[in-house]
Structure formats: structure tokens, C-alpha cells
Amino acid sequence: AKTLRLILGDQLNPQHSWFTETREEVVYLMLEMRQETDYVRHHVQKVLAFFQSMRNFAEELTKKGHRVCYLRIDDPKNRQCLEKNIGDLIDREQFDRFEYQLPDEYRLDQQLQRICKQLPIKTACFDTEHFLTDRMAVKRFFSGKKTYLMESFYRSMRQEFGVLMQGKKPQGGEWNFDKENRNAFREEVSVPDFPSFERDLGSLLQSIHNAGVQTLGEVDPSRFPWPCSRQESLTVLDHFLTELLPHFGRYQDAMHTAEPFLFHSRLSFALNSKMLHPLEVIRAAQDCLEKDPETYGLPQVEGFIRQILGWREFMRGIYWAKMPDYAQMNFFGHKRALPSFFWDGNTKMNCLKHAIGQSLEHAYAHHIQRLMVTGNFALLAGIDPDEVDQWYLGIYIDAIEWVEITNTRGMSQFADGGIVGTKPYVSSANYIDKMSNYCGSCHYSKTKKTGDKACPFNSLYWAFYERNREKLENNPRIGFVYNTLSKMKQKDEILKQANTYLSNLDDL
Ligand code: FAD
Ligand code: SF4
């Protein structure tokens, strides 16, 4: 039967079983569309990375003898929406079958189900063969339980896939080396240069702009840093394994004004677009440890594997267990608008200036910057989670809703009331100062809670707890905060300081 097979922009998995044989009657459809560039304003590097990777993928398929129909963003035949493009093609070319792979986003899942209902031909849906668990695995794992605990899911994954295991026991006798993975970075080792790719994305950038796509952030198209093919993704993986992994765990939570990436892998885009398979990355890290335990060390490797085998699969499972309700959750009822400096980095708070500044420059911030600087601030300031989500979904190279919203609304904003995390991730200047060199050159004083130049985190922190007393007081992991608060002599002054800041967020 003459078959049309859709490949979405984040389904660039060349090892998928669809491609094991070439078939004359099968046409692969790939679409650059306004429906995808416009559901939120994206970072320009994100749009470039997706389109360039899609184009490379289509070229590879063609080289291998597959038939590909590719509609570029500026093609006059492009109807810019999934329904219309698929409908047109099926009418024009008389296909007998339509096939697609399970999308990772709820929005597209619904849309494709709708399309299939309307199509007059047979349709079928396939797995992406990317994730290690199916959509509902996390829901099943925790069925009947009140809370979802990443750690227990992660341990079962270690056992199931035999990763870092000695029989039934974890290698090295421990599941977790978090205690050893909490160093600040004091420039004691240098961060190696990242591999660069020979290419110029100038004309692609031009056609994106010509098509009227609105973007945010900066780019130098002649030095585009993100891997846009499987080959380039493997180069980044190789660089990570040889140069960065030996230090990964130790500096995982560190932040530094001169090092936007530190020892992080920058593999999230290659993984989320499926150019790399999670298990190949996990096995490769494990192999490094086996071959050269002295250079690597279990805490470094476990710290990395936990993120992919644990967190990444866990977040995806939460997404499918809880959508679509998840996208509406606002446990604290936060309603404030996102301060304007999130869009230009123009703030006197040095930590935010750097975390936001590098996000605009590189479409990247690492986990602790996202969680403990921008996310921490948004939560303390009571920003509407819808606005927070929009920002994270637009700005990061790796932001796709299934992993963005669970991290942002869940882990970072606690808007889900404790599905992903057991307590809100908030801190005063103390934590930021311990893990970074931001505070030393800040306009604000990290030690002051009140008065001129007092660090905003220090009063907003207490005001957050005071404001949400009813919702948090009975949480056994938080009780101690309220004990401290009740004994605090300066309490009224601190709350007043916080109120002043809250009424002038844009000026901070
Ligand atoms: P590394 O630090 O090198 O980690 C290796 C890999 O582990 C990552 O590539 C990623 O695939 C995986 N990983 C690590 N932490 C997580 C996590 N919490 N959840 C899922 N996978 C994880 N990650 C995204 O891929 N897309 C997002 O939109 C996204 N939004 C986030 C929003 C907030 C508020 C927070 C706190 C975290 C978010 N993360 C997101 C998770 C994490 O910050 C990024 O995966 C990571 O910073 C990507 O950089 P890296 O590849 O250098 O990661
Ligand atoms: Fe951020 Fe406060 Fe430190 Fe300044 S003093 S860098 S605002 S935590």
C-alpha cells in the first residue's frame, strides 16, 4: 500500500526500525511549520537547531535510498499546519495509509489522533523506540501510592537495565553519591574547549526571518555550536566522555561567571531530538568507568547516569500520568507577571544577570542555574507558573513540553503541590553564594536581609514561607522553617523589605 509516514522534528532517530529497509511505496514526510515555531516565542538557536537537524536527517534518508517529502518553512506549498499539509498530500498523491510515531507532546498527540479520525484512509501509530519505558510506566510503578519518588523508580531502572549493578546490589554499595557531588568551582581545573563544527547557518537564519518567525536571543550563524546530525551528536558525546565526565559529578551543582557550561554534557538537544539514544549514552558512560576507574570514579559516572536513566524517564512518565491537568496546576495561586529583566538580563542581581544573560546568549543554562537562580527567584516572587513555563519553553535549546513543564511547573515551581518534588526548591543568598562566585561582585549584599542593598533573596525567602504558611506548615520536611520564623526578631522588617521588592520587581 502506498504509505505516508510522518517524522516530527524531534523524531530524528536514524536507528528506528522504520529505516531498516527502503521501500518504494513509502514516502517520509518532514515539515517545518509555523504551528511549531509559533506556539511560543523560541530562542533563535532552538529554531535553527531543529530545522538544520531535520534537513540533515532528510538528506541522510535520501542518501540511503528512502523517498522523502520535505517542506521548508518558506515553501509556497507549505500550509504551515499539520492537518492541512497532511490532507493536501494525501489528496494529491493518493496514499492508502498514513503512519506516525507517538509524539512526546500532549498537544501533538491530540492533534494527530484528530487527524487520523478524519482521514479517509487506514492509519497506524508506532513507538519512537527511544525511551527506556513506555508512557504509562511511571503511573503503573506508583499506582496506589500517594507520592512519586524518583529515587525508587531510578533504583528499579538500575536493576532492570543492569546499570552499575553487582548482582542485586548497587556497584560500590551505594545508590547515591550526592554528598560528594556538591563542590563549588574555584578554577582548580580548566574547562576544555568544546568541539566546533564547520558550517554556516546564515541562509537558514535568513529564511526563518523572511518567513516572519519571531524569535528571541542571540546567535552567530557562522559558529553555530549545537550538534545537528547524528555524527555531530556523537562528536559531542565523545568530547563529553573523554574531557568532561571525569569532573561531572563533582561540579554538577556549581555555577561560575566565566563558565556557562562547566562540565555539563550539552547533550540534551541531541537526546531530545532523538539523534542519540539514552541507553547508548548510559552504556558509554558506564564503559568509561569499567575501563578506567581511576580517571572516572563511580560518583562522577553515577551522577551523570542518574540524570538520564532516572530523572529523564521519570519526568516523561509524570507528564503522561498527569497531563492535561498538569498544565493548569498552580498550587500557590501565583499571579504576578514575569519581571522584564527575564527578557534582557538587565538586573542588578548578579546571579540572575548571569543565568539569564547566558540563556539569551547560548540558549542554555545548566540545571542548578535553572532551578536555584531563575526558578528560585520566580517562585519566591510569586510569578504565575504559566508565564514561567512560557519563558522556559521558549528560551532553552532542549525545551520540549514533556520535559520542560515537569521540571518547571513541577520541580522548580512546586505548582503541582508535590508530585515531582517533596518540598519547594527555594533558598536565600546563602546557597547561591556557596555554589557560585556570583555574590562577590553583586550590587546587593548577600549577608543583609533588610536595609539598603540587602539581597532580595534573603527577604523574599521568608516572605514566601510566611505567605504560604497554610499550605506548607504541615509538611514534615519544612516544619523547621516555621520554627525559625517564629523566633525571628526582625520578622516584620524582613516582610516589609520583601513587600517593597515585590512591588518593584522590574527595578531589582
Ligand atoms: P547534563 O547536566 O550534562 O545532564 C545530562 C542529561 O541528563 C541531560 O542532557 C538531560 O537529558 C538529562 N537530565 C538532567 N537533568 C534532568 C532533569 N531534571 N529532567 C530530565 N532530564 C534531565 N531539560 C530538558 O531536556 N528540557 C527542558 O526543557 C528542561 N527544562 C528545565 C527547566 C527547569 C526549571 C529545570 C530546573 C530543569 C530543566 N531541564 C530541562 C533539566 C536540565 O536542566 C537539563 O536537561 C540540562 O540542563 C541540559 O543540559 P546538559 O545536556 O548539559 O545536561
Ligand atoms: Fe544573587 Fe543575592 Fe548573591 Fe546578588 S547577593 S548574586 S542577588 S544571591
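All figures in this text were calculated on a predicted structure; none of them were measured in a lab.

Here the focus is the overall build of the protein chain. Secondary structure summary: the protein chain contains 21 helices and 9 strands in total. For 508 residues, the compact-globule formula gives about 23 Å, and the C-alpha radius of gyration of the protein chain, at 24 Å, lands near that figure. Projected onto the principal axes, the alpha-carbon positions of the protein chain cover approximately 80 × 50 × 50 Å. For the protein chain, the residues scored as buried account for 44% of the 508 residues in total. Long-range pairs, those at least 24 residues apart, make up 74% of the contacts in the protein chain with a sequence separation of at least 6.

So, on to the domain arrangement of the protein chain. Interfaces are often sized by the accessible area lost when the parts come together. For the protein chain, the assigned domains are domain 1 (3-126), domain 2 (137-322) and domain 3 (340-507). Summarising the inter-unit geometry, the C-alpha centres of domain 1 and domain 3 are found 39 Å apart. In this assembly, 11 residues from domain 1 lie in contact with 9 residues from domain 3. Elements with a minimum of two residues in the side of domain 1 that touches domain 3: β3 (42-43) and α2 (44-63). Per element, the largest residue contribution to the side of domain 1 that touches domain 3 is 3 residues, and it comes from α2. When grouped by side-chain class, the residues that make up the side of domain 1 that touches domain 3 number 2 nonpolar, 3 polar and 6 charged.

Glancing now at unusual backbone geometry. Residues apart from glycine generally show negative phi values, whereas peptide bonds are mostly found in trans. In this chain, M323 is followed by P324 through a cis amide linkage whose omega measures 0°. Mapped onto the elements, P324 comes out in the loop between α12 (298-322) and α13 (350-362). At Q80, a position not held by glycine, the phi torsion is positive, near 70°. Mapped onto the secondary structure, Q80 falls in the loop between β4 (67-71) and α3 (82-93). For Q80, a count of 18 C-beta atoms within 10 Å translates into the label partly exposed. The phi dihedral of K274 is positive, around 75°, even though this residue is not glycine. With respect to the helices and strands, K274 occurs in the loop between α9 (268-272) and α10 (278-291). The exposure class assigned to K274 is buried, which follows from the 27 C-beta atoms found within 10 Å.

With that settled, consider the site of ligand 1. Around ligand 1 sit 27 residues in total, of which H264, S265, S268, Q307 and E404 are the nearest. Breaking the shell around ligand 1 down by element, the ones donating at least two residues are α9, α12, α14 (367-380) and α16 (401-412). If one sorts the elements of the shell around ligand 1 by residue count, α16 sits on top with 6 residues. A class-by-class count of the residues in the shell around ligand 1 yields 11 nonpolar, 11 polar and 5 charged. Per-domain counts for the shell around ligand 1 show at least three residues from each of domain 2 (137-322) and domain 3 (340-507).

Moving on to the sheet that holds β4. Pairing in this open sheet of 5 strands is parallel, and the strands run β4-β2-β1-β5-β6 from one edge to the other. With partners counted over all chains shown, the strands left at the sheet margins are β4 and β6 (122-126), one partner each. Averaged over all neighbouring strand pairs, the angle between strand axes comes to 25°, with direction disregarded. Alignment of strand β5 (residues 97-101) against β6, held across 5 bridges, turns out to be parallel. Bridged to E99 within β6 is A124.

Let us look at the environment of L352. With respect to the helices and strands, L352 occurs in helix α13. It is 8.8 Å that separates the C-alpha atoms of L352 and F341, two residues lying 11 residues apart in sequence. With residues up to four places along the chain from it excluded, the contact list for L352 reads F341, T347, V373, T374 and F377.

On average, residues of the protein chain score 96 in pLDDT, and 100% of them reach the 70 mark or higher. Reported confidence for the predicted complex is 0.99 by ipTM and 0.97 by pTM.

In this section: the nonpolar core. The nonpolar side chains of soluble globular proteins are, as a tendency, buried together. In terms of nonpolar packing, the biggest core is built from 134 residues, with L48, L245, A285, I305, I318, L380 and I432 touching the most fellow members. Sort the elements by how many residues they give to this core and α12 lands first, with 10 residues.

Relative to the assigned elements, L6 resides in strand β1 (residues 3-6). Owing to 20 C-beta atoms within 10 Å, L6 belongs among the buried residues under this scheme. Separated by 22 residues in the primary sequence, L6 and Y28 have C-alpha atoms spaced 5.9 Å apart. L6 has contacts with L29 and Y100, leaving out every residue within four places of it along the chain.

With respect to spatial proximity, 13 residues lie near ligand 2, and among them M349, C351, C439, C442 and C455 are the closest. Those elements that provide at least two residues to the shell around ligand 2 are α13 and α17 (429-435). Looking at which element gives the most residues to the shell around ligand 2, the answer is α17, with 3 residues. Here the shell around ligand 2 is composed, by residue class, of 10 nonpolar, 1 polar and 2 charged.

With that settled, consider the pairing of β1. Pairing between β1 and strand β2 (residues 26-31): 4 bridges, direction parallel. Following the sheet pairing, L4 is matched in β2 by V27. Here β1 runs beside β5; their pairing, made up of 4 bridges, is parallel. The residue of β5 that forms the bridge with T3 is R97.

The next point concerns α16. Here α16 contains 12 residues, and its C-alpha end-to-end distance of 14 Å is more than 12% below the 16 Å for a straight helix at 1.5 Å per residue. Inspection of α16 places E401, W402, V403, E404, I405, T406, N407, T408, R409, G410, M411 and S412 among the buried residues, and these make up the whole buried set. Residues of α16 that are buried make contact with α4 (106-118), α9, α12, α14 and α15 (385-395). Following α16 by one or two positions, F414 adopts a phi angle in the positive range, close to 55°.

Our focus in this paragraph is the packing of helix α6 (residues 150-161) against α12. Two elements in contact, α6 and α12, have axes whose closest approach is 9 Å; the angle formed by their N-to-C orientations is 120°. One element, α6, and the other, α12, form an angle in the oblique class. In terms of crossing hand, the pair formed by α6 and α12 is right-handed. Along the contact surface, α6 presents M150, F153, Y154, M157, R158 and F161, while α12 presents R306, L309, G310, W311, E313 and F314. When its residues are assigned to classes, the contact of α6 with α12 shows 8 nonpolar, 1 polar and 3 charged.

Calculation criteria
- Residues numbered from 1 in each chain as written.
- Chains lettered and ligands numbered in written order.
- Predicted model: local features only at pLDDT ≥ 70, side-chain atom pairs only at ≥ 80, totals over all residues.
- Helix = DSSP H or I, 4+ residues; strand = E, 2+ residues; numbered from the N terminus.
- Rg over C-alpha atoms; globule rule 2.2 N^0.38 Å.
- Buried ≥ 20, exposed ≤ 12 C-beta atoms within 10 Å, placed from the backbone.
- Contact = placed C-beta atoms within 7 Å.
- Domains from an automatic or database assignment.
- Nonpolar A, V, L, I, M, F, W, Y, C, P; charged D, E, K, R; others polar.
- Near = placed C-beta within 6 Å.
- Pairing = 2+ DSSP bridges.
- Axes fitted to C-alpha atoms, helices over the stretch in contact; angles between N-to-C directions.
- pLDDT = per-residue confidence, 0-100.
- Core = buried A, V, L, I, M, F, W, Y, C linked by C-beta atoms within 7 Å.
- Expected span 1.5 Å × (residues − 1).
- Parallel < 35°, antiparallel > 145°, perpendicular 65-115°, else oblique.
- Left-handed = near helix turned anticlockwise from the far one by under 90°.

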